[in-house]
Amino acid sequence: MSASNSRIERFINNLRQNLTDGNYYEGHQELRAIAIRLVKQKKHSRAIQLLYLGALELCQYNQWGSVADLASFMINIYVEEKLPVTDDNKERVYDIIEKLSQATEYYPRVYESAIQWTIKAQGDGIGDSQMHHFIGCIQRNKARYQEAEQHFLVGTSESPHALGLMLFDWAARTSPQYDYGLFAARGVLKYLAIGWYEAACLCWKAFAAKLFQALPDEVEQCVGEKTVQSKFGPVYYCKTHVLFNFTQLLLLTIERSDGKPESGAKRIFNQIRNNYAPSFGENDQVINDLLDTVGEQYFGIVVQRQQSLFDIVNSLFASPSQPQIQNTGTEALD
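In this convention, every chain numbers its residues from 1, walking through the sequence in written order. The predicted nature of this model means local features are confined to residues of pLDDT at least 70 and side-chain atom pairs, given and counted, to a pLDDT of 80 or more, with totals for whole chains, interfaces and linings taken over all residues. The side-chain quantities take in all heavy atoms of the structure and omit both hydrogens and water.

Caption draft 1: Region of the structure containing the overall build of the chain. If you tally the helices and strands in the chain, you get 15 helices and 2 strands. Under the scheme applied here, a residue whose accessible area is under 20% of the maximum for its type counts as buried, over 50% as exposed, and between as partly exposed, the area being computed with a 1.4 Å probe on protein chains only. The proportion of buried residues among the 334 residues of the chain is 51%. Areas reported here follow the Shrake-Rupley algorithm with a probe of radius 1.4 Å; residue values treat only the protein chains shown as occluding. Surface exposure of the chain reaches about 16,000 Å², of which carbon and sulfur atoms provide 47%. Counting from the N terminus, the helices are the DSSP runs of H or I reaching at least four residues and the strands are the DSSP runs of E reaching at least two.

Next comes the structure, spelled out in structure tokens:
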């Protein structure tokens, strides 16, 4: 064992003794002071290791405020030292957030700091997709669907499937008076708005398969020689949830357009939009804003907007406690 590792082990042993004796605050402050001293000495790697190990020790005693403080300190070193978004650096964050997630009061502060670190390190305004997916999964498991959706929308290639399953679970937990298709539309329209057609299809496929399984008397799989074929999986017809049919028809129409604005799919898009408009209800404004974006991206329909695409998509990363798509102006993803 190197001398530096030996000193880190000694500091951690001192912390363990303090924790065993019930001196939680003293142990936290002592370790924090040592980390500050290491940073001043430009020994950032040692400081990071100390803060990481110390946070894990404090997790065992449910000292979540102290855990959050040490984790935030560690991430701040990442930011100040412009550390890259490597697997090792992320794994430390994952370890702490996974344990800290049971403390609702504290863990958002840590994962928000972690996302900001990846945004600054990558300079892309979004952050690390794997970090977003990881946080989305934690939020989904805690039934914090609003927050999970924000992260799945900018996650990895696995995120669309996870979002589709989550949106179905959300729908199943909500009053039966709501159209299941409204939940499917949440993911599909937002993915389409940010130009990620493949993700929209994967999200839809996961949601539709679950609905078909859950409501066999209401959802039929279209079969036969004259059945429309789709690249994204089986085609369904739902007797009761009309926005489910609308969302599927929209994806089929985009598939038929083949990225060519001059194709006849533009006419079909406008027809579908007009036919289903009465079903948009209180979500009329936000759905039409999204459809304006979809029309421009996939069908070459130029619309004069009062909001930019960035504003529309950003506003839709927030959702209310009720399942409407419309933005409430709260908790938007920066």
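Caption draft 2: Spotlight on the nonpolar core. Grouped together as the largest cluster of nonpolar side chains are 58 residues, with contacts concentrated most on Leu192, Phe207 and Leu251. Broken down by element, this core gets its largest block of residues, 10 residues, from helix 10 (residues 180–193). The contact definition used throughout considers only heavy atoms, calling two residues in contact when any of these lie within 4.5 Å. For Leu192, the residues in contact, after removing those within four places along its chain, are Tyr197, Ala200, Leu250, Leu251, Ile254, Val294, Gln297 and Tyr298. Take the buried residues of types Ala, Val, Leu, Ile, Met, Phe, Trp, Tyr and Cys, join any two whose side-chain atoms come within 4.5 Å, and each joined set is a nonpolar core. Grouped together as the second largest cluster of nonpolar side chains are 45 residues, Ile12, Trp64, Val67 and Tyr107 included.

Caption draft 3: Structural detail: the pattern of salt bridges. Put simply, a salt bridge is a Lys or Arg side-chain nitrogen that is within 4 Å of an Asp or Glu carboxyl oxygen. Under the criterion given, the structure shown has 10 salt bridges. Between Lys190 and Glu149 there is a salt bridge, with its nearest N and O atoms 3.1 Å apart. Placement of Lys190 in helix 10 and of Glu149 in helix 8 (residues 145–152) is noted, with a sequence separation of 41 residues between them. When its relative accessible area of 0% is taken as the criterion, Glu149 is described as buried. Glu220 is paired through a salt bridge with Lys239; the nearest N and O atoms lie 3.5 Å apart. With Glu220 in strand 1 (residues 219–221) and Lys239 in the loop between strand 2 (236–238) and helix 12 (242–257), this residue pair connects regions lying 19 residues apart in the sequence. Residue classification places Glu220 among the partly exposed positions, given a relative accessible area of 39%.

Caption draft 4: Structural context of the confidence of the model for the chain. The predictor attaches a confidence to each residue, called pLDDT, with possible values from 0 through 100. With 86% of its residues at a pLDDT of 70 or more, the chain has an overall mean of 87. Here residues 313–334 is modelled with pLDDT under 50, and outside its nearest four sequence neighbours on either side it reaches 56 contacts, counting other chains as well.

Caption draft 5: Summary view of unusual backbone geometry. Phi is positive for Lys42, close to 65°, though the residue is something other than glycine. With respect to the element layout, Lys42 can be found in the loop between helix 2 (24–40) and helix 3 (44–59). Despite not being glycine, Asn62 shows a phi value in the positive range, around 60°. Its place among the elements puts Asn62 in the loop between helix 3 and helix 4 (64–80).

Caption draft 6: Geometry of the packing of helix 12 against helix 14 (residues 284–299). At a closest axis distance of 10 Å, the pairing of helix 12 and helix 14 adopts a crossing angle of 20°. Taken together, helix 12 and helix 14 sit at an angle that is classed as roughly parallel. The crossing of helix 12 and helix 14 is right-handed. In this structure, helix 12 contributes Phe246, Leu250, Thr253, Ile254 and Ser257 to the contact, and helix 14 contributes Leu291, Val294, Tyr298 and Phe299. Side-chain classes are defined by residue name, with Ala, Val, Leu, Ile, Met, Phe, Trp, Tyr, Cys and Pro counting as nonpolar, Asp, Glu, Lys and Arg as charged, and the others, Gly among them, as polar. Its residues assigned to classes, the contact of helix 12 with helix 14 comprises 7 nonpolar, 2 polar and no charged. Each axis is a line fitted through C-alpha atoms, taken for helices only over the stretch in contact, and angles between the N-to-C directions span 0 to 180 degrees. The labels follow the angle: roughly parallel below 35 degrees, roughly antiparallel above 145, roughly perpendicular from 65 to 115, and oblique for the rest. Each crossing gets its handedness from the near helix: less than a right angle anticlockwise from the far helix is left-handed, clockwise is right-handed.

Caption draft 7: Region of the structure containing the environment of Val188. In this fold, Val188 is placed in helix 10. Judged by relative accessible area, which is 0%, Val188 ranks as buried. In the structure, Val188 is positioned 63 residues away from Leu251 in sequence and 8.5 Å away in space, judged by C-alpha atoms. Here Val188 is in contact with Ala200, Cys203, Trp204, Thr247 and Leu251, once residues within four sequence places are set aside.

Caption draft 8: Quick peek at the packing of helix 2 against helix 4. For the pair helix 2 and helix 4, interaxial distance at closest approach is 11 Å and the crossing angle is 5°. If you check the angle between helix 2 and helix 4, you find them roughly parallel. The residues of helix 4 that touch helix 2, namely those facing His28, Leu31, Arg32, Ala35, Ile36 and Val39, are Ser66, Asp69, Leu70, Phe73 and Ile77. Of the residues that constitute the contact of helix 2 with helix 4, the class distribution is 7 nonpolar, 2 polar and 2 charged.

Caption draft 9: Representation of helix 12. An expected span of 1.5 Å times one less than the residue number is assigned to each helix. Given a rise of 1.5 Å per residue, 16 residues ought to cover 22 Å, and the 23 Å separating the end C-alpha atoms of helix 12 matches this to within 8%. Buried residues dominate helix 12, accounting for 13 of its 16 residues.

Caption draft 10: Focus on helix 5 (residues 87–100). Spanning 14 residues, helix 5 covers 20 Å between terminal C-alpha atoms, matching the ideal 20 Å at 1.5 Å per step. When we look at burial in helix 5, the residues that qualify are Asn89, Lys90, Arg92, Val93, Tyr94, Ile96, Ile97 and Leu100.

Caption draft 11: Main features of the packing of aromatic side chains. Two aromatic rings, drawn from Phe, Tyr or Trp (for Trp, its six-membered ring), form a pair once their centres lie within 6.5 Å of each other, and the interplanar angle then sorts them: stacked below 30 degrees, edge-to-face above 60, tilted otherwise. Throughout the structure, instances matching the rule amount to 16 aromatic pairs. Geometrically, the ring pair formed by Phe246 and Phe280 is edge-to-face, given 5.3 Å between the ring centres and 65° between the ring planes. Remark: Phe280 occurs in the loop between helix 13 (265–276) and helix 14 and Phe246 occurs in helix 12; sequence separation between them is 34 residues. Given a relative accessible area of 2%, Phe246 falls into the buried group.

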